[in-house]
Amino acid sequence: ICSFKKFENDSLSDSESDFTHGDDELSEDARLRKILNQGRFFGYLLSEGILRLDVLKHVPIMGGLNDDGMLFLEVLLFQLLLSTAKKSECRKKEGSKKTFTYKDDVLQGIIVNGIKLENKSVILKALKWFVTKKFKFINYVTEQKGTKGYERDVRRLKWATQRFIQLIDSYLADADY
């Protein structure tokens, strides 16, 4: 993934990192936009199975990321979980009421098939820690609060976040790490 080294606490300052353009430092807005776009892009690639969670094997998720790295990882997980939930959602209409259920297969596939056995324990424990302690998906919902789109995205993200943690817990318990 886009050189996580620049996102580590001991990395070069922003003016010396990839977020410079020639000799001119990117504006704060441009730098943040670049991080957000990269996070969305890589989250989408993970949700589609184009990239695997193994790309996170050398990322110091638990305490080694700077603020930009935390932002990138949060946006990446937001996009991964939102895209996965969207693909997993099943709608039923009973009269005038809609009900929503979700299938686990896509999310489970990302966890089971996306990490080599030797990396699973470390990556899953780090992701569980990050999602339970740092991940605030509500900050990234782009729909306006009170709209159907907002409620839909929050519903999807609540399911995906909770189920992601449950699947990680289940896998770690079954693997007896």
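Everything that follows concerns the structure shown earlier in this document.
Another aspect to go through is the nonpolar core. If you look at the biggest cluster of nonpolar residues, it comprises 47 residues, and the most contacted ones within it are L77 and L127. Within the residue set of this core, elements represented by two or more residues are α1 (28-47), α2 (67-88), α3 (105-113), α4 (117-133) and α5 (148-175). For this core, the element with the highest residue contribution is α2, accounting for twelve residues. Excluding anything up to four places from it in sequence, L127 contacts L53, L56, I61, L77, F164 and I168.

On to the pattern of salt bridges. The tally for this structure, following the rule as stated, stands at ten salt bridges. D104 is the salt-bridge partner of R163, the closest N and O atoms lying 2.6 Å from each other. Here the residue R163 occupies a position in helix α5, and D104 occupies one in the loop between β4 (97-102) and α3, the gap between them amounting to 59 residues. What makes R163 partly exposed here is its relative accessible area of 21%.

As paired elements, strand β3 (residues 89-94) and β4 share six bridges and run antiparallel to each other. What sits directly across from R91, in β4, is F100. Taking the residues that link successive antiparallel strands as the turn, the β3-β4 hairpin has two residues, and the phi of G95 there is positive, at about 70 degrees.

Calculation criteria
- Residues numbered from 1 in each chain as written.
- Predicted model: local features only at pLDDT ≥ 70, side-chain atom pairs only at ≥ 80, totals over all residues.
- Heavy atoms only, no water.
- Core = buried A, V, L, I, M, F, W, Y, C linked by side-chain atoms within 4.5 Å.
- Buried < 20%, exposed > 50% of the residue type's maximum accessible area, 1.4 Å probe, protein only.
- Helix = DSSP H or I, 4+ residues; strand = E, 2+ residues; numbered from the N terminus.
- Contact = heavy atoms within 4.5 Å.
- Salt bridge = Lys/Arg side-chain N within 4 Å of Asp/Glu carboxyl O.
- Pairing = 2+ DSSP bridges.

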